[in-house]
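What the coordinates show
Letter by letter, the chains look like this.
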Amino acid sequence: MQLTDQSLLKQQCYINGEWKTALSQATITVNNPATGEHIAQVPNMGRIETELAIKGAEKAFKQWKNFSVRDRSKILKNWYQLIIANKEDLGLLLCLEQGKPLPEAIREVVHGASYIEWYAEEAKRISGDILPIPAVDKRAFVTKEPIGVCAAITPWNFPNSMITRKVSPALAAGCSVIVRPASKTPLSALALAELAHRAGLPDGVFNVITGSREIGDTLAESPIVRKFSFTGSTEVGAKLMAQCASTVKKMTLELGGNAPFIIFDDANIEEAVKGVIANKYRNAGQTCVCANRIYVHDKIYDEFIHQLSIAVDTLKVGNGLDEGVNIGPLIDQSAVHKVKEHIQDALEKGATLIRGGKTHSLGGLFFEPTILANVTQSMKVAREETFGPLAPIIRFYTEEEVITYANDTIFGLASYFFSQDLARIFRVSEALEYGMVGANTGTLSNEMAPFGGVKQSGIGREGSKYGVADYLEIKYTLLGGLS
Ligand SMILES: NC(=O)C1=CN([C@@H]2O[C@H](COP(=O)(O)OP(=O)(O)OC[C@H]3O[C@@H](n4cnc5c(N)ncnc54)[C@H](OP(=O)(O)O)[C@@H]3O)[C@@H](O)[C@H]2O)C=CC1
Ligand SMILES: O=C(O)[C@H](O)CS(=O)(=O)O
C-alpha cells in the first residue's frame, strides 16, 4: 500500500496515547474486498486490554473535562485540518479496506471531517440556564457537564465518518472515548487516532481498540463507561442495549433501515431517476439510508423504469482504485448471499428482472447493479434491509395506499419522495413515520442535520446542535443563605 505518509498505516491499537499490540500477540487480518489481498494486520485484543483502556480513559476524562472550551475547540480544529491535509491517504486506506471507489472514499473522509469542524465550534455553544428565583434568599441555575467515559462500536460501511460523527461531539463536550471499529475496516479509525495524537489530543482522551467481541462485552458491562454509542444492525444494537442496561448507560443507536423512495405521478421523472441513482447505488447500496423499496405511481411506472434502466446501464462496476468506477465490491460473501436471496425470492413470487441480477463478470464480491419490477410488499426485498445494489420497484395507485405501504415496517430511519405538489409535499412528509425525510432529493446527510431514526432504527441523533446533548448531563444547583 503506497501512502504519501506511510506512518498513517497503523497496525497497532492506540491506547492511553501509546501504540500497542495484543497481550497474546494475536492479530486479525484486514483484506481488500476488491481483490481478497491481505493488506494489514491489527491486534486481536480482549478483556484485559479493554479494562486498561477504560482505566486510562477515566483518568484522561478528569483532565480533559477541565480544559477550557477554547482549548478543546482548538485541538479539534487542529485534528480537522490534519484530516483534510491527509484526505488522499485516508481515502486510499478507506478504499482498500472497504472497497468503495476512491473518489467516494475521499468524499467520506471530507464528510467525516465536517463533523469535527462543526463540533469544534459547537463546544463553545454548550451553555446552561439561570432559573427563576425560587425564594428571596436563593438563586438557582443549570449547567451542562460532560457525561464521562464513552464507548463506541462502529460498522464497516463508513469506517471513517462513523468514527468522527461519534467522537467529535463527545470530545467537544469534554468526554473521553474508546472506539472499537469493525474488524473488517479498522485502518481508517487507527489513522484518525494518529492524526488526533498529532493534533495535540491528550493521552487517553481518544482510544481505538481492535479485536474480539470481548471488547464490546467489557465496555457494555463496565460501570465506568457512562455512554455507549453504536452504529450497525438493529439485532446487535438491541443486544448491546440489553448489555448496557445493567449499568444504566446513556445510549445512542443508529441501526438498520428500510427506506421507502416514493415517486408520485406529478414528480419530475428525470430528477427522480438522478435521486435514485445517487441514493441506491452509493457504496454499492451498503448504507442504512439507501432506498430499500422504490414505489412508483402507475401512471409513470413504465417511463420511470425505462429511464432508470438507461441510467443504470451507465454505472461501472470494478476495483475502487480504477478510473471511472461507480460501484465497488460488496463487503463479504454473506452480503452477496443476501442480495441473491432477495432477488431469488422476488423472482419466485412474480417479480420481473429488468437489469443485473447476478454476480458481476469480475467475480468475487462484485455484483451487477440490479433492477426488479413488479415487486410486492410480501417479498423479502420489501420486508428486510437488502444492503446491496438492488432497486426493487413497486407499483402504487393512491397517496393513501403508498403511505400505508411506506410505514409498514419496524424501521424508521430515512424516507424519500418526489412530488412537485406543495400541499402533497407537506402532507406526505408529515405522514411518513421516519426520523429523516428527503423531498425531491436522494441525499440527506450533512453535519448540520440531526441524523437518526425512530422505531427500531435507533435512539438519539448524530450531527447538528442536537448531537452533542447525548454527551452531556444536566446539573441543577440551588444556592441558599443569600439573604
Ligand atoms: N443507522 C445507521 O447509521 C447504520 C446502520 N447500519 C446497519 O448495520 C448493518 C450492516 O452493518 P454491519 O457492520 O454488518 O452491522 P453489525 O451490527 O453486524 O456490526 C456492526 C458493528 O458491531 C460489531 N458487532 C457485531 N456483533 C457484535 C456483538 N455481539 N457485540 C459487540 N459488537 C458486535 C461488529 O463487529 P465485527 O466487525 O467484528 O463483526 C461491527 O463493528 C445493516 O443492518 C445496516 O443498516 C450500518 C451502518 C449505519
Ligand atoms: O451508515 C450509514 O449508512 C451512514 O450513516 C449513511 S450517511 O450518513 O453517510 O448518509
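Counting from 1, residues in each chain are numbered in the order their sequence is written. Chains carry letters from A onward and ligands carry numbers from 1 onward, assigned in written order. It should be noted that, the model being predicted, local features are given only for residues of pLDDT at least 70 and side-chain atom pairs only at 80 or more, the latter also being counted only at that level, while totals for whole chains, interfaces and linings use all residues. The side-chain numbers reported here are obtained from all heavy atoms of the structure, hydrogens and water having been left aside.

The protein chain appears in an unreviewed UniProt entry as NAD-dependent succinate-semialdehyde dehydrogenase from Pelistega ratti. UniProt positions are given in the numbering used here, feature names are shortened, and annotations may be inferred rather than shown by experiment. Under the Sequence similarities (unreviewed entry) heading, UniProt states for the protein chain: "Belongs to the aldehyde dehydrogenase family."

**Points about the overall build of the protein chain**
By the criteria applied, helices consist of DSSP H or I runs no shorter than four residues and strands consist of E runs no shorter than two, each listed in order from the N terminus. Regarding its fold elements, the protein chain presents 14 helices and 20 strands. In terms of overall dimensions, the protein chain is globule-like: its C-alpha atoms have a radius of gyration of 23 Å, near the 23 Å expected for 483 residues. Its C-alpha atoms give the protein chain principal-axis dimensions of about 75 × 60 × 40 Å. The rule is simple: take the accessible area with a 1.4 Å probe, protein chains only, and divide by the maximum for that residue type; under 20% is buried, over 50% is exposed, in between is partly exposed. Residues counted as buried form 58% of the 483 residues belonging to the protein chain. The atom set for the radius of gyration is the C-alpha atoms, and the globule formula is 2.2 Å times the number of residues raised to the power 0.38.

**Describing the site of ligand 1**
In the vicinity of ligand 1, 26 residues are found, and the nearest of them are R180, S183, S233, L255 and E385. L255 has a polar backbone atom sitting 2.4 Å from a nitrogen atom of ligand 1. Here a polar contact means two N or O atoms within 3.5 Å. Within protein one must be a hydrogen donor candidate and the other an acceptor candidate, and residues neighboring in sequence count only if both atoms are side-chain atoms. E385 places a side-chain nitrogen or oxygen 2.5 Å from an oxygen atom of ligand 1. The method behind every accessible area is Shrake-Rupley, applied with a 1.4 Å probe, and residues are considered shielded solely by the protein chains displayed. Computed on the free molecule, ligand 1 has an accessible area of 890 Å², of which 87% lies beneath the protein chains in the complex. Looking at the shell around ligand 1, the elements with two or more residues in it are β10 (225-231) and α8 (234-245). Working definition: residue near molecule or strand if any one of its non-hydrogen atoms lies within 4 Å of it.

**A word on the pattern of salt bridges**
Oppositely charged side chains can pair when the atoms bearing their charge come close. Put simply, a salt bridge is a Lys or Arg side-chain nitrogen that is within 4 Å of an Asp or Glu carboxyl oxygen. Inspection of every chain in the model, using the stated rule, returns 30 salt bridges. With a closest N to O distance of 4.0 Å, K239 and D217 form a salt bridge. Of this pair, K239 sits in helix α8 while D217 is found in helix α7 (residues 213-221), placing the two residues 22 residues apart along the sequence. Across the pair K358 and E368 runs a salt bridge whose closest N-O atoms are separated by 3.0 Å.

**Concerning the nonpolar core**
In this structure, I262, I263, I294, F304, L308 and I393 are the most contacted members of the largest nonpolar core, which totals 70 residues. Among the elements that line this core, the one with the most residues is helix α10 (residues 301-313), at six residues. Here a residue-residue contact requires only that any non-hydrogen atoms of the pair lie within 4.5 Å. Here I393 is in contact with I294, V296, Y301, F304, I305, L308, I371, L372, A373, N374 and V375, once residues within four sequence places are set aside. As used here, the term nonpolar core means buried Ala, Val, Leu, Ile, Met, Phe, Trp, Tyr and Cys residues forming a set that is joined through side-chain atoms within 4.5 Å.

**Examining the site of ligand 2**
By nearness alone, every residue bordering ligand 2 is listed as N157, F158, M162, R165, R282, T287, C288, V289, S445 and F451. Between ligand 2 and N157 there is a distance of 3.5 Å, counted from an oxygen atom to a side-chain nitrogen or oxygen. Within the side chain of R282, a nitrogen or oxygen atom sits 2.6 Å from an oxygen atom of ligand 2. Relative to its free-state accessible area of 290 Å², ligand 2 is covered by the protein chains to the extent of 98%. Residue polarity follows a fixed list, in which Ala, Val, Leu, Ile, Met, Phe, Trp, Tyr, Cys and Pro are nonpolar, Asp, Glu, Lys and Arg are charged, and the others, Gly among them, are polar. In the shell around ligand 2, the residues fall into five nonpolar, three polar and two charged.

**Quick notes on the packing of α7 against α8**
Comment: axis = line fitted to C-alpha atoms, over the contacting stretch for helices; angle = value between 0 and 180 degrees taken between N-to-C directions. Interaxial distance between α7 and α8 falls to 7 Å at its minimum, and their mutual angle equals 40 degrees. Our classification of the angle between α7 and α8 gives oblique. For the pair α7 and α8, the contacting residues are D217, A220 and E221 in the first and K239, Q243 and C244 in the second. Looking at the contact of α7 with α8, its residues break down into two nonpolar, one polar and three charged. Each angle gets one of four labels, with under 35 degrees taken as roughly parallel, over 145 as roughly antiparallel, 65 to 115 as roughly perpendicular, and the rest as oblique.

**Remarks on the sheet that holds strand β5 (residues 129-130)**
We treat two strands as partners when DSSP finds at least two bridges between them. Taken together, the three strands give an open sheet; going across it, the order is β5-β6-β20, and neighbouring strands pair in antiparallel fashion. Strands at the two margins of the open sheet, each flanked by one partner only, are β5 and β20 (472-479).

**With respect to the packing of aromatic side chains**
Side-chain rings of Phe, Tyr and Trp (the six-membered ring for Trp) are treated as a pair once their centres are within 6.5 Å; stacked means planes under 30 degrees apart, edge-to-face means over 60, and tilted covers the remaining angles. Under the defined criterion, the tally for this structure stands at nine aromatic pairs. An angle of 50 degrees between the planes, with centres 4.9 Å apart, marks the rings of W64 and F67 as tilted. Through a chain of ring-to-ring contacts, three or more aromatic side chains come together here, namely F261, Y416 and F418. Against the face of F158 rests K100, its NZ or CZ located 3.8 Å from the ring centre. The criterion for a charge sitting over a ring is simple: Lys NZ or Arg CZ within 6 Å of the ring centre, and within 35 degrees of the ring normal. The cationic tip of K227 hangs over the ring face of Y471; the distance from NZ or CZ to the ring centre is 4.8 Å.

**As for the packing of helix α3 (residues 87-98) against helix α4 (residues 102-122)**
Taken N-terminus to C-terminus, the directions of α3 and α4 make an angle of 120 degrees; their axes are 8 Å apart at the nearest point. Considering the angle they form, α3 stands oblique to α4. Relative to α4, α3 is oriented so that their crossing is right-handed. The segment α3 lies against α4, with K87, E88, L90, G91, L92, L94 and C95 engaging L102, A105, I106, E108, V109 and V110. Looking at the contact of α3 with α4, its residues break down into nine nonpolar, one polar and three charged. Crossing handedness is defined as follows: a turn of the near helix away from the far one that is anticlockwise and smaller than a right angle gives a left-handed crossing, while the clockwise case is right-handed.

**Details of the pairing of strand β13 (residues 291-297)**
Most of β13 is tucked away, with seven of its seven residues classed as buried. Strand direction decides the pairing type here: strand β12 (residues 259-263) and β13, joined by five bridges, are parallel. Directly across from I262, in β13, lies its bridge partner Y295. A crossover connection joins β12 to the parallel β13 through helix α9 (residues 269-280); in handedness this β-α-β unit is right-handed. By convention, a crossover is right-handed whenever its connection, traced from the first strand over the helix to the second and viewed with the strands pointing away, goes clockwise.

**Here's the deal with a nonpolar patch on the surface**
Exposure above 30% relative accessible area and the absence of a salt bridge qualify a residue for a patch, where like charges join within 9 Å and nonpolar side chains (Val, Leu, Ile, Met, Phe, Trp, Tyr) within 5 Å. Residues L23, I48 and L52 make up a contiguous nonpolar surface patch of roughly 320 Å² in combined accessible area. As for its position among the elements, L23 is in the loop between β2 (18-20) and β3 (27-31).

**Here's the deal with helix α11 (residues 333-348)**
What a helix should span is 1.5 Å times the count of its residues minus one. Taking 1.5 Å of rise per residue, 16 residues should cover 22 Å, and α11 covers 22 Å from first to last C-alpha, within 8% of that figure. The positive-phi residue at the C-terminal boundary of α11 is G350, with phi of around 110 degrees.

**Some remarks on the side chain of T409**
Positionally, T409 belongs in the loop between α13 (399-407) and β17 (414-418). Setting aside its immediate chain neighbours within four residues, T409 contacts N258, R293, Y434 and K455.

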